[in-house]
Amino acid sequence: MPTTTVTDELIAQLRALEAQGAEAVGAAGGAEPLEALRTEYLGRKGRLTGILRRLGELSAEERPVVGAEANRVKEALSALLDERAASFAAAADAGPGIDLSLPGRGRWKGGVHPVTLVIDEICEIFRDLGFNRIAGPELETQEYNFSKLNFPPNHPATDMHDTFYVTDEVLLRTHTSPMQARVMEQFAPPVRVVVPGTVYRRDPFDASHAPAFEQIEGLAVDEGITFADFKATISTFVRRFFGADAKTRFRPSFFPFTEPSAEVDVSCQLCGGSGCSACKGTGWMEIMGAGMVHPNVFAAAGYDPERYTGYAFGMGPGRIAMQRYGVPDIRLLYESDVRFLGQFT
Ligand code: PHE
């Protein structure tokens, strides 16, 4: 075993003193405690002097070695003390109440919008189920938004009253369903896609309506797809997104582009199904319109309606985000108030 000489011991003590001193200087809260540290470490009766008292035990050759290390430590600590003292002095000059030695405040760098968080999560679940995520145009034609989706001419939804028209033919899409036609025209079956995006309606901007909001279209087409496939896929999605306890309800409905059509409800996430103001006492909240793709839609897109079947759905991620995060007013989602948005990151 190597023997520890007094020289080694003293040098180790000096280095420990240096480390402790540096830490204490960094933690000092003001000019006064700092000067107390100077006395404690470097003063005439201070800790450095205490260590050097044992210099007498050393030989004439060893003494300068320890002495040089002691000088180095003394200078290093002095420099740290001076530097910190200067920063306290600068803070005092800057005026009362300003402590320049405080660490800076963290700045919020922005974050992902709650509706985007929900869209990404939903699309990831559908990705696991074999659906590709794609996007489509917000500026659409009357033909894709309505005609190819089996809306009869002069259907009330095509009215100026509900739709933002740019010209007689061009409009802001009122739903993401035109992407059903675009996908089928572009890709041969089988197809499985989800299409998130913004849609526009001439609705008042109030607690439950916004003139622009998000939808996620879903489309699955192949030979032999049935309504049972649709129910199983959606029930799987609901359990994954909302949790194993969430219940799903399918209600008959009507859309020109699906037959049969359904609306899908999930047990209210806020009251657990017992009824509250968010679900208007029903215990359920609607999350999507859906149904089996209408043969006329297949025909208009060039798919053989005799050979292929499929389902489509349109979800409202804004409403789902409001349920998930307990947001009482849809306007909060679209006013870009960072005091609201900052809560989600
Ligand atoms: N596009 C319909 C809506 O906006 C929802 C829907 C999509 C219904 C797909 C059926 C199939 O209300």
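Bear in mind the structure is a predicted one, so any value in this text is a computation, not a measurement. (Residues numbered from 1 in each chain as written. Predicted model: local features only at pLDDT ≥ 70, side-chain atom pairs only at ≥ 80, totals over all residues. Heavy atoms only, no water.)

**Student:** So what's going on with the site of the ligand? Residues and values would help.
**Tutor:** Around the ligand, the surrounding shell holds 14 residues, and the nearest of these are His175, Ser177, Arg201, Gln215 and Gly314. Between the ligand and serine 177 there is a distance of 2.9 Å, counted from a nitrogen atom to a side-chain nitrogen or oxygen. Glutamine 215 places a polar side-chain atom, nitrogen or oxygen, 2.9 Å from an oxygen atom of the ligand. Computed on the free molecule, the ligand has an accessible area of 330 Å², of which 89% lies beneath the protein chains in the complex. Elements supplying a minimum of two residues to the shell around the ligand: strand E5 (212–222), strand E8 (284–293) and strand E9 (309–315). It is E9 that provides the largest number of residues to the shell around the ligand, a total of three residues. For the shell around the ligand, the class distribution of residues is five nonpolar, seven polar and two charged. (Near = heavy atom within 4 Å. Polar contact = N/O pair within 3.5 Å; in protein donor to acceptor, adjacent residues only side chain to side chain. Areas by Shrake-Rupley, 256 points an atom, 1.4 Å probe, with all protein chains shown as cover. Helix = DSSP H or I, 4+ residues; strand = E, 2+ residues; numbered from the N terminus. Nonpolar A, V, L, I, M, F, W, Y, C, P; charged D, E, K, R; others polar.)

**Student:** Could you give an account of the domain arrangement of the protein, naming the residues involved and the relevant values?
**Tutor:** The domains assigned to the protein are domain 1 (6–93) and domain 2 (114–344). In this structure, domain 1 and domain 2 have C-alpha centres spaced 70 Å apart. (Domains from an automatic or database assignment.)

**Student:** Break down helix H10 (residues 317–325) for me, citing the residues and quoting the values.
**Tutor:** Along H10, the positions that sit buried rather than exposed are Pro317, Gly318, Ile320, Ala321, Met322 and Gln323. Glycine 326 sits one or two positions beyond H10 and adopts a positive phi of about 65°. (Buried < 20%, exposed > 50% of the residue type's maximum accessible area, 1.4 Å probe, protein only.)

**Student:** An account of unusual backbone geometry is needed here, citing residue identities and associated values.
**Tutor:** Omega for the bond connecting proline 189 with proline 190 falls within 30 degrees of zero, at 0°, which places this linkage in the cis form. With respect to the helices, strands and loops of the structure, proline 190 is situated in the loop between helix H7 (178–186) and strand E4 (191–200). In this model, asparagine 150 sits at a positive phi of 70°, which is unusual for a non-glycine residue. Of note, asparagine 150 is situated in the loop between helix H6 (142–145) and strand E3 (170–172). For asparagine 150, a relative accessible area of 24% puts it in the partly exposed group.

**Student:** Residue-level account of helix H8 (residues 227–242), with values.
**Tutor:** Here H8 contains 16 residues, and its C-alpha end-to-end distance of 22 Å stays within 8% of the 22 Å for a straight helix at 1.5 Å per residue. Looking at H8, one finds that the buried residues are Phe230, Thr233, Ile234, Ser235, Phe237, Val238, Phe241 and Phe242. Tucked inside the fold, the buried residues of H8 contact helix H5 (114–128), strand E6 (248–255), strand E7 (258–267), E8, E9 and H10. Among the residues of H8, the N-terminal cap falls to threonine 226, whose side-chain oxygen and the backbone nitrogen of alanine 228 are separated by 3.2 Å. Just past H8, the residue glycine 243 takes up positive phi, approximately 110°. (Expected span 1.5 Å × (residues − 1). Contact = heavy atoms within 4.5 Å.)

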